[in-house]
Amino acid sequence: AFLLPPQFLNARTTNVFVMRRNATYFFSLDQPTDADAPLQTVVISPQNLTRHLQPYRLDQTVAFSGTPRDAQNELSLGNVAIDEDTKAVTVEFDPPVAPGQLVTIGLRPRRNPRLDGIYVFRVTAIPEGEQPRPHIAGHGRLYFSDIERDRIYR
């Protein structure tokens, strides 16, 4: 288990409109410098409106140190998988990420959700080890807008 676990910082998307293509959903975590274990795996689990989420292009998943606006070193990924029932995406780092790095993961959906609203994602960090204990780092929110509906109500 982490004694000093990574903390979720934020979630953001490159496109906020429903059904749009070419968006990336970024999830950033800060791993303390004095953390006791490297970061092996991150699980990003939608908590609501899961039936409206579109499939991800798992082969286009990216990870890097830094923020989306200040991307630094690309991080190597191992297995990236999705649980088809829960829509949770599991991202493994290969090698695990050493303490002291701000880590960002970018997921690429085929397109944004069909329904506007606030989508909540639980971000869980898992340390390296034989029997690791997951740590819920936080919850991220992505807001998607229906531009056509917004025009009608203005």
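Provided above is the structure to which this section pertains.
Worth saying up front: this structure is predicted, and the values here are computed from it rather than measured.

## Re the pairing of strand β2 (residues 25–30)
Along any regular strand, the residues point their side chains to alternate faces of the sheet.
Then comes step 1: β2 sits mainly inside the fold: five of its six residues count as buried.
Then comes step 2: Pairing of β2 with strand β8 (residues 102–107), which is carried by six bridges, proceeds in the antiparallel orientation. What sits directly across from Leu-29, in β8, is Val-103.

## Section: the packing of aromatic side chains
Then comes step 1: What the rule picks out here adds up to five aromatic pairs.
Then comes step 2: Arranged with centres 5.6 Å apart and planes meeting at 55°, the rings of Tyr-25 and Phe-144 form a pair that is tilted. Within this pair, whereas Tyr-25 is found in strand β2, its partner Phe-144 is found in strand β10 (residues 135–144), the two being separated by 119 residues in sequence.
Then comes step 3: On the basis of relative accessible area, Tyr-25 is assigned to the buried category, the value being 1%.
Then comes step 4: Clustering of aromatic rings is evident, with ring pairs tying together Tyr-25, Tyr-56, Tyr-119 and Phe-144.

## Quick word on the pairing of strand β9 (residues 117–127)
Then comes step 1: Burial of β9 is extensive: nine of the eleven residues sit out of reach of the surface.
Then comes step 2: Here strand β3 (residues 39–46) runs beside β9; their pairing, made up of seven bridges, is antiparallel. The partner of Ser-45 across the bridge, within β9, is Arg-122.
Then comes step 3: In this sheet, β10 lies alongside β9 in antiparallel orientation, the contact comprising nine bridges. Considered in β10, the bridge of Gly-117 is made with Phe-144.

## Quick look at the sheet that holds strand β7 (residues 89–97)
Then comes step 1: Spatial strand order, β6-β7-β3-β9-β10: five strands in an open sheet with antiparallel pairing. For this open sheet the edge positions go to β6 (77–82) and β10, each flanked by a neighbour on one side alone. The average angle at which neighbouring strand axes cross in this sheet is 20°, direction not considered.
Then comes step 2: The sheet contact formed by β6 and β7 spans four bridges and is antiparallel. Its bridge partner lying in β7, Leu-77 is registered against Phe-93.

Procedures and definitions
Throughout this document, residue positions are counted from 1 along each chain, in the order its sequence is written. Thresholds applied to this predicted model are a pLDDT of at least 70 for local features of residues and 80 or more for the giving and counting of side-chain atom pairs; totals over whole chains, interfaces and linings are not thresholded and use all residues. As a convention, hydrogens and water are excluded, and side-chain values are obtained from all of the structure's heavy atoms. Burial classes follow relative accessibility: with a 1.4 Å probe on protein chains only, a residue under 20% of its type's maximum area counts as buried, one over 50% as exposed, and anything between as partly exposed. We count a stretch as a helix when DSSP gives it H or I for four or more residues in a row; a strand needs E for two or more, and each element gets its number in order from the N terminus. Two strands are said to pair when DSSP picks up at least two bridges between them. Stacked, edge-to-face and tilted are the three classes for Phe, Tyr and Trp ring pairs, Trp counted by its six-membered ring, which pair at centre distances within 6.5 Å; planes under 30 degrees apart are stacked, over 60 edge-to-face, the rest tilted. Here the axes come from fitting lines to C-alpha atoms, over the contacting stretch only for helices, and the angles between their N-to-C directions go from 0 to 180 degrees.

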